[in-house]
Amino acid sequence: MSLMDRFPLPGQTRFFTLRLARVGSCLLVDHIADLRAAWAAMVAEHPTVCGAMVVLPDHLHAVLTLPPGPRAVSVRWSQLRRDFAGRVAPEAPETIWQPEILIEPLPDAAAVNRALAACWEAPVRLGLAKHPEDWPYSSLHRDLRIAARRRLGV
């Protein structure tokens, strides 16, 4: 049984961290189109509510709410990791990712808000951007567009 399957917490919102095997790599941002395609394919097959996500050079953070089910986590992340690795390293896809996925349950609204902020602020903390909105690989841009449309009444 994988680490992901031991923490099923069906239907709960969780904070995830996935890391590349090679620390310091820029593979995720260098191949952002491949990662986005792998994400879109995964979400099309396995609906997922993404509260926030940030893609950094060698890891990503995500706040996701998944539907009930003992394999909801492992099925989604396994597909994403396999699809992305197959796109960027078809000769050795199993060597791209660290095997562990860090999963933090978010039991209440305050924990969810902290996790959302952690996603948005990660590029600043790592010195990749001066302000969260300066980092192009963040769901913050989606959220800012949604907020702007709401202000305009669209």
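You'll find the structure just up there.
Residues numbered from 1 in each chain as written. Predicted model: local features only at pLDDT ≥ 70, side-chain atom pairs only at ≥ 80, totals over all residues. Heavy atoms only, no water.

A. A look at the overall build of the protein. Within the protein one finds 6 helices and 4 strands. When the helices and strands of the protein are placed in sequence order, the string is α-β-α-α-β-β-α-β-α-α. For a compact globule of 154 residues, the expected C-alpha radius of gyration is about 15 Å, and the protein comes in at 15 Å, within 12% of that figure. Referenced to the eigenvectors of the C-alpha coordinate spread, the extents of the protein come out at roughly 45 × 35 × 30 Å. The buried share among the 154 residues of the protein stands at 42%. Once local pairs closer than 6 in sequence are excluded, the contacts in the protein between residues at least 24 apart make up 73%. Split by element, the accessible area of the protein, about 8300 Å² in all, is 59% carbon and sulfur. (Helix = DSSP H or I, 4+ residues; strand = E, 2+ residues; numbered from the N terminus. Rg over C-alpha atoms; globule rule 2.2 N^0.38 Å. Buried < 20%, exposed > 50% of the residue type's maximum accessible area, 1.4 Å probe, protein only. Contact = heavy atoms within 4.5 Å. Areas by Shrake-Rupley, 256 points an atom, 1.4 Å probe, with all protein chains shown as cover.)

B. How the structure looks around the layout of surface pockets. Within this model, the largest pocket holds a volume of roughly 310 Å³. Surrounding the largest pocket, 17 residues form its lining, R36, M53, V55, S138 and S139 being those nearest its centre. Tallied by class, the residues present in the lining of the largest pocket amount to 11 nonpolar, 3 polar and 3 charged. (1 Å grid on protein atoms, 1.4 Å probe; cavity = no way out; pocket = protein on both sides within 12 Å on 5 of 7 lines; lining within 4 Å. Points joined across faces, edges and corners; volume = space filled by probe spheres on them. Nonpolar A, V, L, I, M, F, W, Y, C, P; charged D, E, K, R; others polar.)

C. Molecular detail of the nonpolar core. By size, the foremost hydrophobic cluster in this structure holds 44 residues, and its most contacted members are F16 and W77. For this core, the secondary structure elements donating two or more residues are strand 1 (13-20), helix 2 (27-30), helix 3 (32-45), strand 2 (49-55), strand 3 (59-65), helix 4 (72-88), strand 4 (97-105) and helix 5 (109-125). It is helix 4 that provides the largest number of residues to this core, a total of 7 residues. (Core = buried A, V, L, I, M, F, W, Y, C linked by side-chain atoms within 4.5 Å.)

D. Broad picture of helix 6 (residues 140-152). Between its terminal C-alpha atoms helix 6 stretches 18 Å, which fits the 18 Å expected from 13 residues at 1.5 Å a residue. G153, located one to two residues past helix 6, shows a positive phi value of around 75°. (Expected span 1.5 Å × (residues − 1).)

E. Structural detail: the packing of aromatic side chains. Tallied over the entire structure, the rule returns 4 aromatic pairs. Ring geometry for W39 versus W77: centroids 6.2 Å apart, planes at 45°, classification tilted. Here W39 is found in helix 3, whereas its partner W77 is found in helix 4, with 38 residues between them in sequence. An aromatic cluster is defined as three or more aromatic residues linked by ring pairs; in this entry it consists of F16, W39 and W77. (Phe/Tyr/Trp six-rings, centres within 6.5 Å; stacked < 30°, edge-to-face > 60°.)

F. Focus on helix 3. With 14 residues, helix 3 ought to run about 20 Å at 1.5 Å a step, and its terminal C-alpha atoms sit 20 Å apart, in line with that. Looking only at helix 3, the buried set comprises I32, L35, A38, W39 and M42. One side of helix 3 carries all its buried residues, which in axial view fall inside an arc of 125°. The exposed set on the far side of helix 3, more than 90 degrees from its buried face, consists of A33, A44 and E45. Where helix 3 is buried, its residues touch helix 2, strand 2, strand 3 and helix 4. (Arc of directions from axis to C-beta.)

G. Quick peek at the pattern of salt bridges. All chains considered together, the criterion is met by 1 salt bridge. Across the pair D83 and R87 runs a salt bridge, and its minimum N-O distance is 2.8 Å. Residue D83 and its partner R87 are both found in helix 4; the two are separated by 4 residues, about one turn of the helix. We classify D83 as partly exposed; its relative accessible area is 21%. (Salt bridge = Lys/Arg side-chain N within 4 Å of Asp/Glu carboxyl O.)

H. Local environment of the sheet that holds strand 2. An order of 2-3-1-4 is seen for the 4 strands of this open sheet, with the pairing classed as antiparallel. Strands at the two margins of the open sheet, each flanked by one partner only, are strand 2 and strand 4. Sheet twist, expressed as the average angle between the axes of neighbouring strands with direction ignored, equals 15°. Here strand 1 runs beside strand 3; their pairing, made up of 7 bridges, is antiparallel. Paired with R19 across the strands is H59, a residue of strand 3. Of the strands in this sheet, strand 1, strand 2, strand 3 and strand 4 touch helix 4, which is tilted by about 145° from strand 4. Here helix 5 sits on the sheet and contacts strand 1, strand 2 and strand 3; the angle it forms with strand 2, its principal contact strand, is near 30°. (Pairing = 2+ DSSP bridges. Axes fitted to C-alpha atoms, helices over the stretch in contact; angles between N-to-C directions.)

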